[in-house]
Amino acid sequence: MISADYLIIGTGPIGVFSAKYLLEKGKKIIIVDNASKKNKEINLGLKLKDSETKEFVYDFENTGNYKNKKTLPISSKINGGFTKVWGGTLNKPDKNEIEKLGISEKKYSQLYFSILNDIPHIKYDNFYKHFNETSTKYYQIEEPLIGIGADFDEVWSSSQLLDNLIKKYKNSIKYFNYVDVEKIINRKNCFRLNLKNDYIEFNVEKVFVCAGVFSSTKIASNMLEADSFSIDDSELSVWPVFKLGKKISKDKSHSKDSHFSKNKAFAKLIIKFKRNDNLLKSQLYELNQEAISTIIKRLGIFGKVFLPLINFFEKRLYLIFVYKDSNHSKKSLFKIDEQNKVQIESIKNPKFKQYVISYFFRYMKLSFLLIPIKYKFKNYGSFHSGNSVFYKNGEEYVFDDSGSFKGFDNIHFVDSAVIKFIPSGPFTISSIVISKNILDNLIND
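This text gives an overview of the structure that appears in the document. Only a predicted model underlies this, so the values are computations on that prediction, with no experimental measurement involved.

Things to note about the overall build of the protein
- Of the regular secondary structure elements, the protein holds 9 helices and 25 strands.
- In the protein, which comprises 445 residues, the proportion classed as buried is 54%.
- Residue pairs at least 24 apart in sequence account for 74% of intrachain contacts in the protein once pairs closer than 6 positions are excluded.
- Summed over all atoms, the accessible surface of the protein reaches about 21,300 Å², with 49% contributed by carbon and sulfur.

Spelled out as structure tokens, the structure:
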């Protein structure tokens, strides 16, 4: 049996920040993830049957098909922990969105700025300076705050912080990978993690689960022996826009001093449109080499035909990534069958509809001509999901304020699975804030 004060499941941003929080309070922790053998070589002597065959973050063999498509489009690019598929944007949500997250604006800001101190970041204001007015009745614009990697070719990854924690607190932290948790059992004297072909037991006070919304939801559904569960989503679509009038002067310097690689796509501008109480948030991207390659790939055989046209208009063409909050996005109900496979049972349309094209003239106020050709990501393809709800024998089960359920004392889910509202736009930073707020309420100095 392995002993410590606390056990953390997951090494994404939430798991690693939870580890930092506890280590700074003088606690001893164990942190585990399901990193593949291809990706990490840090397993500290833990012998598990699962480690021989584990190759992907999510076991798609346990995922059913819905209209011949995988129901949970989780990217295997993550390769176990260390989120690498996010855009790195660290901007705060709006005041009304913070209220819907169930936390005061004062508390949110306090936690938000403490987190920023540990994420290397820069503010990209080159495009922002192009606009004389930062706010009108039609729109608000912000400079993106970007979490950046050491070599400026990628966004910040939690692996950087975890490496630093292992070095700094080497006597207080144990890290095990290859651990793909399916269920957690609270026994009399320990917590047992059930894996696919094995189990491990830990002698700890509490378990904090932050494995990512789909993995955490699957763990919770197995614990509850649920029949089904639902997850809220934030729909994401991409639209090309043509810049009218004066061109935006692009960053021509590609040295490290310019903060960005010429081949990597980072958000250059955040645009917000507010109509009544509804907020539509979009991020503007340059049509750089990465973006062009992605477009050509998406267009398939037509890619080569459009490539000369795209290159000709490159200096005026941009991409707008538009996020809708969970109140304006579809929600899916997932059913768990007798073989523990997950399938989509039904898809519920949002109560309130929001059409991006209806903001056409608002984009025009910024001299952006919205081209009515969109690429819509599949459900849950934005990786901005949460608010997991479980169903068993006609009864509904939801997480309490501590991320737990009645009868499962000292097991707390602290990632986006417990968040009741998914804001539009940047979301990772809010997930970390909410998790830190839960820890604040649970852990005494």
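A short note on the nonpolar core
- By size, the foremost hydrophobic cluster in this structure holds 82 residues, and its most contacted members are Leu-7, Ile-9, Ile-30, Ile-184, Phe-202 and Phe-413.
- Residue contributions to this core peak at 7 residues, all from helix α1 (residues 13-24).
- Sequence-distant contacts of Leu-7, defined by excluding residues within four places in its chain, comprise Ile-30, Val-32, Leu-193, Phe-202, Val-204, Lys-206, Val-207 and Phe-208.
- Formed by 23 residues, the second largest nonpolar core is a distinct cluster that contains Phe-131, Ile-248, Ile-271 and Leu-370.

Here we look at the side chain of Glu-201
- One can find Glu-201 in strand β12 (residues 199-203).
- Looking at Glu-201, its side chain comes within polar contact range of the side chain of Arg-187, at 3.5 Å.
- A polar atom in the side chain of Glu-201 sits 2.8 Å from the side chain of Arg-192.
- Those residues in contact with Glu-201 that lie beyond four places of it in its chain are Met-1, Ile-2, Arg-187, Cys-190, Phe-191 and Arg-192.

A word on α1
- A rise of 1.5 Å per residue sets the reference length of α1, with its 12 residues, at 16 Å; its end C-alpha atoms lie 16 Å apart and thus fit the reference within 8%.
- With 11 of its 12 residues buried, α1 lies for the most part within the structure.
- When α1 is considered as a whole, its buried residues turn out to be Pro-13, Ile-14, Gly-15, Val-16, Phe-17, Ser-18, Ala-19, Lys-20, Tyr-21, Leu-22 and Leu-23.
- One or two residues past the end of α1 sits Gly-26, with phi positive at roughly 80°.

Considerations on the sheet that holds strand β10 (residues 183-186)
- An order of β1-β12-β11-β10 is seen for the 4 strands of this open sheet, with the pairing classed as mixed. Because the sheet does not close on itself, it has two edges, and the strands there are β1 (2-3) and β10.
- Pairing geometry for strand β11 (residues 191-194) and β12, over 4 bridges, is antiparallel. The residue bridging Leu-193 from the neighbouring strand is Ile-200, located in β12.

Considerations on the pairing of strand β19 (residues 331-336)
- Burial along β19 is one-sided: Ser-332, Phe-334 and Ile-336 are buried, while Lys-331, Leu-333 and Lys-335, pointing the other way, are not.
- Pairing of β19 with strand β20 (residues 342-348) involves 6 bridges; the strand directions are antiparallel. Each bridged residue has a counterpart across the sheet, and for Ser-332 the counterpart in β20 is Ile-347.
- Between the antiparallel neighbours β19 and β20 lie 5 residues, among them Asn-340 with a positive phi of about 65°.

Regarding the packing of aromatic side chains
- The full count for this structure, using the stated rule, is 18 aromatic pairs.
- Where Phe-360 meets Phe-361, the ring centres are 5.2 Å apart and the plane angle is 85°; that geometry is what we call edge-to-face.
- Since its relative accessible area comes to 23%, Phe-360 is described here as partly exposed.
- A residue is classified by how much of its surface remains accessible, and Phe-361, at 64% relative accessible area, is exposed.
- Among the aromatic side chains, those forming a connected cluster through ring pairs are Phe-229, Phe-334, Phe-390, Phe-399, Phe-405, Phe-408 and Phe-413.
- Here the basic side chain of Lys-243 rests over the ring of Phe-368, its NZ or CZ set 5.9 Å away from the ring centre.
- Between the NZ or CZ atom of Arg-275 and the centre of the ring of Tyr-359, over which it lies, the distance is 4.2 Å.

Points about helix α5 (residues 213-224)
- The first and last C-alpha atoms of α5 sit 16 Å apart over 12 residues, in line with the 16 Å expected at 1.5 Å per residue.
- In terms of burial, α5 is a largely internal element, 12 of the 12 residues being buried.
- Burial in α5 covers these residues: Val-213, Phe-214, Ser-215, Ser-216, Thr-217, Lys-218, Ile-219, Ala-220, Ser-221, Asn-222, Met-223 and Leu-224.
- Glu-225 occupies a position one or two residues after α5 and carries a positive phi of about 55°.

Brief notes about the packing of helix α3 (residues 105-116) against helix α9 (residues 428-442)
- Orientation of α3 relative to α9, taken along the N-to-C sense of each, is 110°, at an axis distance of 9 Å. By the angle between their directions, the pair α3 and α9 is classed as roughly perpendicular. For the pair formed by α3 and α9, the contact residues are Lys-107, Tyr-108, Leu-111, Tyr-112, Ser-114 and Ile-115 on the first element and Ile-429, Ser-430, Ile-432, Val-433, Lys-436, Asn-437 and Asp-440 on the second.
- Residue classes in the contact of α3 with α9 are distributed as 7 nonpolar, 3 polar and 3 charged.

Notes on the environment of Ile-320
- Looking at the secondary structure, you find Ile-320 in strand β18 (residues 317-323).
- Ile-320 sits in the buried class, given a relative accessible area of 0%.
- For the pair Ile-320 and Val-241, spaced 79 residues apart in the sequence, the C-alpha separation amounts to 6.8 Å.

Concerning the packing of α1 against α9
- The contact between α1 and α9 brings their axes to 9 Å, and the two run at 35°. Crossing angle aside, the handedness with which α1 passes α9 is right-handed. Together, Pro-13, Ile-14, Phe-17, Ser-18 and Tyr-21 of α1 and Thr-428, Ser-431, Ile-432, Ser-435, Lys-436, Leu-439 and Asp-440 of α9 make up the contact between the two elements.

Calculation criteria
Residues numbered from 1 in each chain as written. Predicted model: local features only at pLDDT ≥ 70, side-chain atom pairs only at ≥ 80, totals over all residues. Heavy atoms only, no water. Helix = DSSP H or I, 4+ residues; strand = E, 2+ residues; numbered from the N terminus. Buried < 20%, exposed > 50% of the residue type's maximum accessible area, 1.4 Å probe, protein only. Contact = heavy atoms within 4.5 Å. Areas by Shrake-Rupley, 256 points an atom, 1.4 Å probe, with all protein chains shown as cover. Core = buried A, V, L, I, M, F, W, Y, C linked by side-chain atoms within 4.5 Å. Polar contact = N/O pair within 3.5 Å; in protein donor to acceptor, adjacent residues only side chain to side chain. Expected span 1.5 Å × (residues − 1). Pairing = 2+ DSSP bridges. Phe/Tyr/Trp six-rings, centres within 6.5 Å; stacked < 30°, edge-to-face > 60°. Lys NZ or Arg CZ within 6 Å of the ring centre and 35° of its normal. Axes fitted to C-alpha atoms, helices over the stretch in contact; angles between N-to-C directions. Parallel < 35°, antiparallel > 145°, perpendicular 65-115°, else oblique. Nonpolar A, V, L, I, M, F, W, Y, C, P; charged D, E, K, R; others polar. Left-handed = near helix turned anticlockwise from the far one by under 90°.

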